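Commentary on secondary and tertiary structure
In case you want the letters, here they are:
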Amino acid sequence: NDRGEVALLRQHEISDTHEVVVAGHVLSGESGEEAAVREIREELGLESRSVRYVGSYYYARKDMLMLGYAARVEGDAFCLSDEVDAAVWLPPESALVRLREGGQARQLLRDYMKGQANRQ
């Protein structure tokens, strides 16, 4: 959001102990950036102003390559989908400790934070 906070989600079908970031899949004919914008809109009800590629992450449990993006969104009031139990805005440092150690979401946030530090 405009305060530099990160949106974390609670989805019980994914984890009962940790929050996650918005995730989804790429539809046929869609770019990674378009998929990120769509998933943010579907899960959080927020419109993205800009989307930036952060990195790719191998997810061994499902043998998938995940593409990580950072998006700046308009507003900060959530309109959650039925797939999302709860969402919260947190400063990146606070969000980091709520993501699973060793998980792709945590690595994505670390890489995002490094990129932000390099821009200053």
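Let me begin by describing the structure that accompanies this report. Small disclaimer: the values here were computed from a predicted structure and weren't measured.

**Quick word on helix α1 (residues 32-44)**
For α1, spanning 13 residues, the distance from its first C-alpha to its last is 18 Å, which sits close to the expected 18 Å at 1.5 Å a residue. Burial in α1 covers these residues: Gly32, Ala35, Ala36, Arg38, Glu39, Ile40, Glu43 and Leu44. Buried residues along α1 sit in contact with β1 (6-10), β2 (48-59), β3 (64-73) and β4 (86-90). The first or second residue beyond α1 is Gly45, which carries a positive phi of 75°.

**Digging into a negative patch on the surface**
Side chains of Glu13, Asp16, Asp82, Glu83 and Asp85 sit close together on the surface and give a patch of like negative charge. The residue Glu83 is located in the loop between β3 and β4 in this model. Look at Glu83 and you get partly exposed, because its relative accessible area is 48%.

**Describing the pairing of β3**
The two faces of the sheet receive side chains in turn, since in a regular strand these alternate between them. Of the pairings in the sheet, the one linking β2 to β3 comprises 10 bridges and is antiparallel in character. Across the sheet, residue Tyr58 finds its bridge partner in β3, namely Leu65. Where β2 folds back onto β3 in an antiparallel hairpin, the turn is made up of 4 residues, including Asp63, whose phi is positive at roughly 50°.

**As for unusual backbone geometry**
Residues other than glycine seldom take positive phi values, yet Asp63 does so here, at roughly 50°. Tracing the backbone through its elements, the reader meets Asp63 in the loop between β2 and β3.

**Let's talk about the pattern of salt bridges**
Per the counting criterion, the structure on display carries 11 salt bridges. One salt bridge in this structure joins Arg3 and Asp76, with 2.8 Å as the shortest N-O distance. You can see Arg3 sitting in the segment before β1 and its partner Asp76 sitting in the loop between β3 and β4, a full 73 residues away along the chain. Judged by relative accessible area, Arg3 falls into the exposed class, the value being 55%. One salt bridge connects Glu42 with Arg38, and the closest N-O pair in it is separated by 3.3 Å.

Calculation notes
- Residues numbered from 1 in each chain as written.
- Predicted model: local features only at pLDDT ≥ 70, side-chain atom pairs only at ≥ 80, totals over all residues.
- Heavy atoms only, no water.
- Helix = DSSP H or I, 4+ residues; strand = E, 2+ residues; numbered from the N terminus.
- Expected span 1.5 Å × (residues − 1).
- Buried < 20%, exposed > 50% of the residue type's maximum accessible area, 1.4 Å probe, protein only.
- Contact = heavy atoms within 4.5 Å.
- Patch = residues over 30% accessible without salt bridge, like charges linked within 9 Å, V, L, I, M, F, W, Y side chains within 5 Å.
- Areas by Shrake-Rupley, 256 points an atom, 1.4 Å probe, with all protein chains shown as cover.
- Salt bridge = Lys/Arg side-chain N within 4 Å of Asp/Glu carboxyl O.
- Lys, Arg positive; Asp, Glu negative; His and termini not counted.
- Charge placed at Lys NZ, Arg CZ, Asp CG, Glu CD.
- Pairing = 2+ DSSP bridges.

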